[in-house]
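Read off the chains here:
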Amino acid sequence: MHIAEGYLPPLHAAAWAVASAPFVVHGARAVVHQVRTDPDSKLLLGAAGAFSFVLSALKIPSVTGSCSHPTGTGLGAVLFRPPVMALLGTIVLFFQAVLLAHGGLTTLGANVFSMAIVGPWVAYGTYRLVRRAGGGLGLGVFLAAALGDLATYCVTSVQLALAFPDAASGVGGAIVKFGSIFAITQIPLAVSEGLLTLLVVRLLVRVSPDELRRLGVLPTPSAPSATGESTAKEVGA
């Protein structure tokens, strides 16, 4: 998904940077608020960022000027809400561009918009819809991570198509072509990311149920006798 350094025309790169900036600023405020109101969440906040950094660094060559990989943003979106992931995702993408030559600084705005903004919002929206429909935590987390991943690549396809429309079919045809190529690798990667994120959440339910309750991911037990048995049922529902 990371669009390579210098691949977008300067005007497109600048436009995506401008579009992403307000979300990142809002995300910085959200992170400050989260840390001030719940200092104990710092470790989990860092873990969410590290999870995204590691997963999104596992790249597979794909469309010219880009690549396929998991995004890892669904976990943070579910735990801390999308604004927090806007900042964490930007930090992840910046260090990957500087340290791993993965993505780029000129294309940072475009990559942030697809992976750190749209992906987390789709993930969180999916999670909330599943939960409101009566689905269990496990199903919500799986679909959130998988669809957030796919949404990221849909946006990247649009970004590339706007910059490089097809000579015959225009932007619409280019979107279909870019999206079709991405789908070959990205659909199985999205399913794998959903399963991995589910495993991580199940682990957190076992080792940090109180913190998940503070974040609103797990319900507050109705009686003191409620234990890990109820949380295990919740995540597996």
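Reading guide: rules and limits
- Residues numbered from 1 in each chain as written.
- Predicted model: local features only at pLDDT ≥ 70, side-chain atom pairs only at ≥ 80, totals over all residues.
- Heavy atoms only, no water.
- Helix = DSSP H or I, 4+ residues; strand = E, 2+ residues; numbered from the N terminus.
- Rg over C-alpha atoms; globule rule 2.2 N^0.38 Å.
- Buried < 20%, exposed > 50% of the residue type's maximum accessible area, 1.4 Å probe, protein only.
- Contact = heavy atoms within 4.5 Å.
- Areas by Shrake-Rupley, 256 points an atom, 1.4 Å probe, with all protein chains shown as cover.
- Lys, Arg positive; Asp, Glu negative; His and termini not counted.
- Charge placed at Lys NZ, Arg CZ, Asp CG, Glu CD.
- Phe/Tyr/Trp six-rings, centres within 6.5 Å; stacked < 30°, edge-to-face > 60°.
- Expected span 1.5 Å × (residues − 1).
- Patch = residues over 30% accessible without salt bridge, like charges linked within 9 Å, V, L, I, M, F, W, Y side chains within 5 Å.
- Salt bridge = Lys/Arg side-chain N within 4 Å of Asp/Glu carboxyl O.
- Polar contact = N/O pair within 3.5 Å; in protein donor to acceptor, adjacent residues only side chain to side chain.
- Core = buried A, V, L, I, M, F, W, Y, C linked by side-chain atoms within 4.5 Å.
- Axes fitted to C-alpha atoms, helices over the stretch in contact; angles between N-to-C directions.
- Parallel < 35°, antiparallel > 145°, perpendicular 65-115°, else oblique.
- Left-handed = near helix turned anticlockwise from the far one by under 90°.
- Nonpolar A, V, L, I, M, F, W, Y, C, P; charged D, E, K, R; others polar.

### Observations regarding the overall build of the chain
Right, so step 1: Scanning the chain for helices and strands turns up nine helices and two strands.
Right, so step 2: When its helices and strands are written in sequence order, the chain yields α-α-β-β-α-α-α-α-α-α-α.
Right, so step 3: For the chain, the C-alpha radius of gyration of 18 Å lies close to 18 Å, the compact-globule estimate for 237 residues.
Right, so step 4: Each principal axis of the C-alpha atoms in the chain carries an extent, and together these give about 65 × 35 × 30 Å.
Right, so step 5: Of all 237 residues assigned to the chain, the portion counted as buried reaches 51%.
Right, so step 6: Considering only residue pairs separated by 6 or more positions, the chain has 74% of its internal contacts joining residues 24 or more positions apart.
Right, so step 7: Split by element, the accessible area of the chain, about 10,700 Å² in all, is 71% carbon and sulfur.
Right, so step 8: If you average the places of the 14 positive and of the 10 negative side-chain charges in the chain, the two averages end up 4 Å apart.

### A look at the packing of aromatic side chains
Right, so step 1: Applying the stated rule across the entire model yields five aromatic pairs.
Right, so step 2: On the basis of an interplanar angle of 50° and a centroid distance of 4.9 Å, the ring pair of Tyr7 and Phe164 is categorised as tilted. Remark: Phe164 occurs in the loop between α6 (137–163) and α7 (170–207) and Tyr7 occurs in the segment before α1 (10–37); sequence separation between them is 157 residues.
Right, so step 3: Aromatic side chains Phe23 and Phe113 sit 6.5 Å apart centroid to centroid with 85° between the ring planes, which places their arrangement in the edge-to-face category. One end of the pair, Phe23, is in helix α1; the other, Phe113, is in helix α5 (residues 108–132), with 90 residues separating them in the sequence.
Right, so step 4: Its relative accessible area of 35% is what places Phe23 among the partly exposed residues.
Right, so step 5: Each residue in the set Trp16, Phe23 and Phe113 is aromatic and connected to the rest through ring pairs, giving one cluster.

### A few points about α6
Right, so step 1: The first and last C-alpha atoms of α6 sit 39 Å apart over 27 residues, in line with the 39 Å expected at 1.5 Å per residue.
Right, so step 2: With 19 of 27 residues buried, α6 is to be regarded as a mostly interior element.

### Topic: a nonpolar patch on the surface
Right, so step 1: There is a patch of nonpolar side chains on the surface, built from Ile91, Phe94, Phe95, Val98, Leu99, Leu100 and Leu105 and spanning about 630 Å² of accessible area.
Right, so step 2: Checked against the element boundaries, Leu100 lands in the loop between α4 (82–99) and α5.

### So, the side chain of Asp166
Right, so step 1: In this fold, Asp166 is placed in the loop between α6 and α7.
Right, so step 2: Engagement of the side chain of Asp166 in a polar contact is seen with the backbone nitrogen of Ala168, the distance being 2.9 Å.

### A few points about the pattern of salt bridges
Right, so step 1: For the structure shown, the criterion picks out three salt bridges.
Right, so step 2: Between Asp166 and Lys177 there is a salt bridge, and its shortest N-O distance comes to 2.4 Å. Here Lys177 lies in helix α7 and Asp166 lies in the loop between α6 and α7, a separation of 11 residues in the sequence.
Right, so step 3: The partly exposed category is assigned to Lys177, whose relative accessible area is 44%.

### Here's the deal with the nonpolar core
Right, so step 1: If you look at the biggest cluster of nonpolar residues, it comprises 54 residues, and the most contacted ones within it are Leu79, Phe80, Leu137 and Leu212.
Right, so step 2: Elements that contribute at least two residues to this core include exactly α1, α2 (42–56), α3 (73–80), α4, α5, α6 and α7.
Right, so step 3: The biggest single contributor to this core is α5, with 11 residues.

### Considering unusual backbone geometry
Right, so step 1: In this structure, Arg81 takes a positive phi of about 85° despite not being glycine.
Right, so step 2: By secondary structure assignment, the location of Arg81 is in the loop between α3 and α4.

### Concerning the packing of α3 against α7
Right, so step 1: Across the interface, α3 lies against α7 with an axial gap of 9 Å and an inter-helix angle of 40°. It follows that α3 is oblique to α7 by the angle criterion. By crossing handedness, the relation of α3 to α7 is classed as right-handed. Across the interface between the two elements, Thr73, Gly74, Leu75 and Leu79 from α3 touch Glu193, Thr197, Val200, Val201 and Leu204 from α7.
Right, so step 2: Tallied by class, residues from the contact of α3 with α7 come to five nonpolar, three polar and one charged.

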